[in-house]
Amino acid sequence: MFALLLQSSDDVVREIARLQRNYEFLSYGLVVAWLILVVYVLMMVGRERKLKREIAGLKAMLEERK
Amino acid sequence: MRDKILILLGGVAFALLFKDLLAMKGFTESNQGAIFKIIFFHVPMAITALTCALVAFFASVTFLITKNFKFDALAVAVTEVGLAFLAGNLITGSIWGRIIWGIWWTWDARLTSALVCWLLYAGYLMLRRAIEEPTQRATFAAVFSIFAFIDVPIVIFSIKWWRTQHPQPVFWNGGSFPAEWYPTFGWQMLAIMLLAVVFTAVRLRQEEFQREIDSLRRMAHAL
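Residues numbered from 1 in each chain as written. Chains lettered and ligands numbered in written order. Predicted model: local features only at pLDDT ≥ 70, side-chain atom pairs only at ≥ 80, totals over all residues.

1. As for the overall build of chain B
Of regular secondary structure, chain B possesses 7 helices and 0 strands. Helices and strands in chain B line up, N terminus first, as α-α-α-α-α-α-α. In terms of overall dimensions, chain B has C-alpha extents of about 70 × 40 × 25 Å along its principal axes. Burial analysis of chain B (223 residues in total) assigns 35% to the buried set. Within chain B, residue pairs in contact and separated by at least 24 positions form 78% of the contacts whose partners lie at least 6 positions apart. (Helix = DSSP H or I, 4+ residues; strand = E, 2+ residues; numbered from the N terminus. Buried ≥ 20, exposed ≤ 12 C-beta atoms within 10 Å, placed from the backbone. Contact = placed C-beta atoms within 7 Å.)

2. Description of the packing of helix H3 (residues 69–100) of chain B against helix H5 (residues 134–149) of chain B
Two quantities define a packed helix pair, namely the angle between the helix axes and the distance between the axes. All names here are of chain B. Two numbers describe how H3 lies on H5: the axes approach to 11 Å, and their chain directions differ by 50°. Classed by the angle they form, the pair H3 and H5 counts as oblique. Of the two possible hands of crossing, H3 and H5 adopt the one that is left-handed. Between H3 and H5, the residues in contact are Phe69, Asp72, Ala75 and Thr79 and Ala138, Ala141, Ala142 and Ser145, respectively. Classifying every residue of the contact of H3 with H5 gives 5 nonpolar, 2 polar and 1 charged. (Axes fitted to C-alpha atoms, helices over the stretch in contact; angles between N-to-C directions. Parallel < 35°, antiparallel > 145°, perpendicular 65-115°, else oblique. Left-handed = near helix turned anticlockwise from the far one by under 90°. Nonpolar A, V, L, I, M, F, W, Y, C, P; charged D, E, K, R; others polar.)

3. Considering unusual backbone geometry
Residue and element names in this part refer to chain B. Despite not being glycine, Lys67 has its phi angle at roughly 60°, a positive value. Counting through the fold element by element, Lys67 comes out in the loop between helix H2 (39–66) and H3. Residue classification places Lys67 among the partly exposed residues on the basis of 13 C-beta atoms within 10 Å.

4. Here we look at the nonpolar core
In terms of nonpolar packing, the biggest core is built from 62 residues, with Ile38 and Ala75 of chain B touching the most fellow members. The element best represented in this core is H3 of chain B, accounting for 16 residues. Those residues in contact with Ile38 of chain B that sit more than four places away from it in its chain are Leu26 and Gly29 of chain A together with Thr92, Ile95 and Trp96 of chain B. (Core = buried A, V, L, I, M, F, W, Y, C linked by C-beta atoms within 7 Å.)

5. Quick look at the interface of chain B and chain A
Contacts between the two partners involve 29 residues from chain B, matched on the other side by 25 residues from chain A. Those elements that place two or more of their residues in the side of chain B that touches chain A are H3 and helix H7 (182–222) of chain B. By residue number, the principal contributor to the side of chain B that touches chain A is H7 of chain B, which donates 13 residues. For the side of chain B that touches chain A, the residue count by class is 19 nonpolar, 5 polar and 5 charged.

6. Things to note about helix H6 (residues 151–161) of chain B
Residue and element names in this part refer to chain B. The set of residues buried in H6 consists of Asp151, Val152 and Val155. Mapping the buried residues of H6 onto a view down its axis gives an arc of 145°, with all of them on the same face. Relative to its buried face, H6 has exposed residues pointing more than 90 degrees away, namely Pro153 and Lys160. Its buried side turned inward, H6 meets H2, helix H4 (109–130) and H5. (Arc of directions from axis to C-beta.)

7. Examining H4 of chain B
Residues three or four positions apart in an α-helix share a direction because the helix packs 3.6 residues into each turn. Residues and elements named next belong to chain B. Taking 1.5 Å of rise per residue, 22 residues should cover 32 Å, and H4 covers 31 Å from first to last C-alpha, within 8% of that figure. For H4, the complete set of buried residues consists of Arg110, Leu111, Ser113, Ala114, Cys117, Leu120, Tyr121 and Tyr124. Looking at the buried residues of H4, the elements they touch are H3, H5 and H6. (Expected span 1.5 Å × (residues − 1).)

8. Some remarks on the environment of Trp107 of chain B
Tracing the sequence through the fold places Trp107 of chain B in the loop between H3 and H4. For the pair Trp107 of chain B and Phe209 of chain B, spaced 102 residues apart in the sequence, the C-alpha separation amounts to 41 Å.

9. Brief notes about the environment of Val41 of chain A
Residues and elements named next belong to chain A. Within the element layout of this structure, Val41 appears in helix H1 (residues 2–65). By the C-beta count within 10 Å, which is 17 here, Val41 ends up partly exposed. In this structure, the C-alpha to C-alpha distance between Val41 and Arg14, residues 27 residues apart in sequence, is 41 Å.

10. Observations regarding the confidence of the model for chain B
Of all residues in chain B, 99% attain a pLDDT of 70 or more, and the chain-wide mean is 91. Predicted complex, confidence summary: ipTM 0.86, pTM 0.89. (pLDDT = per-residue confidence, 0-100.)

11. So, the packing of H2 of chain B against H5 of chain B
Residue and element names in this part refer to chain B. Contact pair H2 / H5: the axes reach a minimum separation of 9 Å and the direction vectors enclose 135°. Between H2 and H5, the interaxial angle falls into the category oblique. Considering how the two elements wind past one another, H2 and H5 form a crossing that is left-handed. Only Ala138, Ala142, Ser145, Ile146 and Phe149 of H5 make contact with H2, whose side of the interface consists of Ala53, Ala56, Phe57, Ser60, Val61, Phe63 and Leu64. Looking at the contact of H2 with H5, its residues break down into 10 nonpolar, 2 polar and no charged.

Structure follows, in structure tokens:
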């Protein structure tokens, strides 16, 4: 009877650990998914700034040459 | 005006994603546990990525017929956006696999064909960087994009054609997706599709900027 109780408490501990691991990996997944979206937005913002700077630089250079 | 609309739509999409994140907290799944909720990102990202591939295919075919560079710009914009979403799909799937299968990766038909798809479209973007002359670049890229699209039906039907470790769809044919989760899944699908549309519109504008830079360079060279 005592052994059975011990075994079931082990099971409870194992089940809690499994659930915690489950939540831990879910949070990794959600963080990665959000991170990909945010990093892509930041990449696009950076690229847009670079392109606008380049256009402004080229226009200024053409004005100078004219 | 166009900027404001894009920012507004992007904001709405991110707000929807956040709303779904809160809605997901209340869901419980008895077989797989919390990790099952990764499906809210994994599947919409896959559908969005494959839709992007379809659009890229039609844009490439149309470019080859019409030689209109707007279709080339659409193809490259939508391919890059699709690649980002496919990366999200592959990584979230791998995280799910680590819990359910005990492994990060297996070379089964669905996973392998999806990875090949990602590599093909990454190759498409690399090919574009390697060719200087715009017409040649657009033509080669369009042909490559059409070739790459062959992999898309293989990704979709791989779970039907071969015995795979990847699960069968849970949404139809008596699938195990809980009925009360469908509205949240629908909103999530809408949010990610909306984001893809906004990202594509921004990338299209950047392609316009690039064309303007090319023409300014030609003018500077001529002076």
